[in-house]
Each structure stands twice: as structure tokens, then as C-alpha cells.
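Topology and contacts: notes
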Amino acid sequence: MPQMFKTWQTKSAKDVSLVTLITFITGVFLWLIYGIYLQSLPIILANGVTFIFNLIILWLKIRYR
């Protein structure tokens, strides 16, 4: 969350690696699917929130290129 706010405030995402971000988002998405498969609310909530925040960072990275 702090990284998202910093990117938004500075309007710069040069410090964020696109490859690393996409890799991380993919891993979080797979954990989210796994949590849904297990019907485990803690896994679903934790990874759902992380997934959304990182999608926002990805969007900011693309927007402020």
C-alpha cells in the first residue's frame, strides 16, 4: 500500500520493475485461486487485497511510463 501511494503521489513508477511486478501478481493470483479452491477465507482475503493493490500499481506503472 505505501508503494501504491508513493507511485500515485510522485506520478512516477520508474522504481518498480515491470517483470517483477507481473511475476508477483501472477503468484498472488495463483494463491487466490488456491484459497478459493480450499474455501479458505483468510487466504482469499489476504491475496484478494494484495492482488487488487498490485493491479493498481501495475496500472500506475503503465500510465506513468
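Look up: the structure comes first, before these words.
Residues numbered from 1 in each chain as written. Predicted model: local features only at pLDDT ≥ 70, side-chain atom pairs only at ≥ 80, totals over all residues. Heavy atoms only, no water.

Let's talk about a nonpolar patch on the surface
A surface patch of nonpolar side chains, about 370 Å² in accessible area, is lined by Phe-29, Leu-30, Ile-33 and Ile-36. Structurally, Phe-29 can be placed in helix 2 (residues 18-38). Phe-29 sits in the partly exposed class, given a relative accessible area of 37%. (Patch = residues over 30% accessible without salt bridge, like charges linked within 9 Å, V, L, I, M, F, W, Y side chains within 5 Å. Areas by Shrake-Rupley, 256 points an atom, 1.4 Å probe, with all protein chains shown as cover. Salt bridge = Lys/Arg side-chain N within 4 Å of Asp/Glu carboxyl O. Helix = DSSP H or I, 4+ residues; strand = E, 2+ residues; numbered from the N terminus. Buried < 20%, exposed > 50% of the residue type's maximum accessible area, 1.4 Å probe, protein only.)

A look at unusual backbone geometry
The phi dihedral of Gln-39 is positive, around 55 degrees, even though this residue is not glycine. Structurally, Gln-39 can be placed in the loop between helix 2 and helix 3 (41-63).

A word on the environment of Ile-25
Here Ile-25 lies in helix 2. Through-space distance from the C-alpha of Ile-25 to that of Ala-13 is 16 Å; in sequence the pair is 12 residues apart. Excluding its chain neighbours within four sequence positions, the residues that come into contact with Ile-25 are Phe-51, Asn-54, Leu-55 and Leu-58. (Contact = heavy atoms within 4.5 Å.)

Here we look at the nonpolar core
Counting 10 residues, the largest nonpolar core consists of Met-4, Val-16, Leu-21, Ile-25, Val-28, Phe-51, Ile-57, Leu-58, Leu-60 and Tyr-64. At the level of secondary structure, the elements contributing two or more residues to this core comprise helix 2 and helix 3. By residue number, the principal contributor to this core is helix 3, which donates four residues. Each residue touching Leu-60, except ones within four places of it in the same chain, is listed here: Met-4, Thr-7, Trp-8 and Ala-13. (Core = buried A, V, L, I, M, F, W, Y, C linked by side-chain atoms within 4.5 Å.)

Structural notes on the packing of helix 1 (residues 2-10) against helix 3
In the contact formed by helix 1 and helix 3, the axes pass within 9 Å of each other and the chain directions differ by 25 degrees. Overall, the two elements helix 1 and helix 3 adopt an arrangement that is roughly parallel. Between helix 1 and helix 3 lies a crossing whose hand is left-handed. Together, Gln-3, Met-4, Thr-7 and Trp-8 of helix 1 and Phe-53, Ile-56, Ile-57 and Leu-60 of helix 3 make up the contact between the two elements. (Axes fitted to C-alpha atoms, helices over the stretch in contact; angles between N-to-C directions. Parallel < 35°, antiparallel > 145°, perpendicular 65-115°, else oblique. Left-handed = near helix turned anticlockwise from the far one by under 90°.)

A word on helix 2
Look at helix 2: 30 Å from first C-alpha to last across 21 residues, which is about the 30 Å you get at 1.5 Å a residue. By the burial criterion, the buried members of helix 2 are Leu-21, Ile-25, Val-28, Leu-32 and Gly-35. When helix 2 is viewed along its axis, its buried side chains cluster within an angular range of 80 degrees and face the same direction. Turned more than 90 degrees away from the buried face of helix 2, the exposed residues are Val-19, Thr-23, Leu-30 and Tyr-37. For helix 2, the secondary structure elements touched by its buried residues are helix 3. Positive backbone phi, approximately 55 degrees, marks Gln-39, located one or two places after helix 2. (Expected span 1.5 Å × (residues − 1). Arc of directions from axis to C-beta.)

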